[in-house]
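What follows is each chain in one-letter form.
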Amino acid sequence: MNKTYVTKKADIKRRWFIVDAKDKILGRLAAKVASVLRGKHKPIFSPSLDTGDGVIVINASRIKVTGRKLKQKVYRRFSGYPGGLREVLLEKMLAKKPTTVIHLAVKRMLPGGPLGRDIIKKLRVYADDKYAQKSQNPLSLEV
């Protein structure tokens with residue numbers, strides 16, 4: 001009789017990957033990054049554990065989108081007060097805070113709750129090609 005393998009915290013080995021977002025499509029990049037953060041590329045993947053690796057995204061300001069998303073995609077947030085709904089177009093968000101665009105795209109592809117909040121902490125996004133995690137010796141990740 002075969003035994004079912006159950007991943008333990010001691011079995012999890014973390015690595016860091018680096019992704020260059022220059023001329024990449026936003027959704028496809030975010031899907032790949034979310035999958036690596038979650039750990040789905042590993043044979044020890046478990047849906048209830050954080051088995052994923054860390055990801056560094058550089059050149060976030062040079063991301064591409066298809067169609068008319070620059071003019072039509074809207075980011076909304078609500079303060080909870082009357083008249084507190086704020087809307088920002090993707091075009092303005094890319095100009096002001098390009099790192100937030102990628103961060104939100106990846107965060108919304110992860111599970112909600114405590115597991116998702118732990119996983120998103122392993123994502124680092126930078127607007128240009130300078131990053132602070134050089135000592136992690138990140139491996140290149142093709143998207």
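Our subject in this report is the structure included herewith. (Residues numbered from 1 in each chain as written. Predicted model: local features only at pLDDT ≥ 70, side-chain atom pairs only at ≥ 80, totals over all residues. Heavy atoms only, no water.)

**Observations regarding the overall build of the protein chain**
Assigned secondary structure in the protein chain consists of five helices and six strands. Put simply, the protein chain runs from its N terminus to its C terminus through helices and strands in the order β-α-β-α-β-β-α-α-α-β-β. Looking at the protein chain residue by residue over its 143 residues, the buried ones come to 37%. Surface accessibility of the protein chain: about 9400 Å² in total, with carbon and sulfur atoms responsible for 53%. (Helix = DSSP H or I, 4+ residues; strand = E, 2+ residues; numbered from the N terminus. Buried < 20%, exposed > 50% of the residue type's maximum accessible area, 1.4 Å probe, protein only. Areas by Shrake-Rupley, 256 points an atom, 1.4 Å probe, with all protein chains shown as cover.)

**As for the nonpolar core**
In terms of nonpolar packing, the biggest core is built from 29 residues, with Leu 29, Val 33, Val 55, Val 57, Ile 102, Val 106 and Leu 123 touching the most fellow members. For this core, the secondary structure elements donating two or more residues are strand 1 (16–20), helix 1 (26–38), strand 2 (54–58), helix 3 (90–96), helix 4 (98–107), helix 5 (114–119) and strand 5 (123–125). Looking at this core element by element, the count peaks at seven residues for helix 1. Filtering out sequence-adjacent residues up to four positions away, Leu 123 remains in contact with Val 33, Leu 37, Val 55, Val 57, His 103 and Val 106. (Core = buried A, V, L, I, M, F, W, Y, C linked by side-chain atoms within 4.5 Å. Contact = heavy atoms within 4.5 Å.)

**Here's the deal with helix 1**
For helix 1, built from 13 residues, the straight-helix expectation of 18 Å at 1.5 Å per residue is met to within 8% by its first-to-last C-alpha distance of 18 Å. For helix 1, the complete set of buried residues consists of Leu 26, Leu 29, Ala 30, Val 33, Ala 34, Val 36, Leu 37 and Arg 38. Lining the buried residues of helix 1 we find strand 1, strand 2, strand 3 (74–78), helix 4, helix 5 and strand 5. Count one or two residues on from helix 1 and you reach Gly 39, which has phi positive near 100 degrees. (Expected span 1.5 Å × (residues − 1).)

**Digging into the packing of aromatic side chains**
According to the stated counting rule, one finds zero aromatic pairs in the structure shown. Cation over ring: Lys 73 sits above Tyr 75, and NZ or CZ is 5.0 Å from the ring centre. Of note, Lys 134 hangs over the ring of Tyr 131, and the distance from its end group to the ring centre comes to 4.0 Å. (Phe/Tyr/Trp six-rings, centres within 6.5 Å; stacked < 30°, edge-to-face > 60°. Lys NZ or Arg CZ within 6 Å of the ring centre and 35° of its normal.)

**Topic: the packing of helix 1 against helix 4**
At a minimum axis distance of 8 Å, the contact between helix 1 and helix 4 shows a crossing angle of 60 degrees. It follows from the interaxial angle that helix 1 and helix 4 lie oblique. Seen from above, helix 1 lies across helix 4 with right-handed handedness. Mapping the contact onto sequence places Leu 26, Leu 29, Ala 30, Val 33, Ala 34 and Leu 37 in helix 1 and Val 101, Ile 102, Ala 105 and Val 106 in helix 4. (Axes fitted to C-alpha atoms, helices over the stretch in contact; angles between N-to-C directions. Parallel < 35°, antiparallel > 145°, perpendicular 65-115°, else oblique. Left-handed = near helix turned anticlockwise from the far one by under 90°.)

**A closer look at helix 4**
Side chains that are three or four residues apart share a direction in an α-helix, a result of its 3.6 residues per turn. Taken residue by residue, helix 4 has Pro 98, Val 101, Ile 102, Ala 105 and Val 106 as its buried positions. Viewed along the axis of helix 4, the buried residues span an arc of 120 degrees, placing them on a single side of the element. (Arc of directions from axis to C-beta.)

**Examining the side chain of Lys 122**
Along the chain, Lys 122 falls in the loop between helix 5 and strand 5. What makes Lys 122 buried here is its relative accessible area of 10%. When sequence neighbours within four positions are dropped, the list of residues in contact with Lys 122 reads Arg 14, Trp 16, Leu 37, Asp 50, Gly 52, Asp 53, Gly 54 and Val 55.

**A look at unusual backbone geometry**
Phi at Asp 23 takes a positive value of approximately 60 degrees, unusual for a residue other than glycine. Following the sequence through the fold, Asp 23 ends up in the loop between strand 1 and helix 1. With phi around 50 degrees, Asn 137 is a residue other than glycine that occupies positive phi space. Within the secondary structure layout, Asn 137 lies in the loop between strand 5 and strand 6 (139–140).

Without other data, these values stay purely geometric and don't point to any function.
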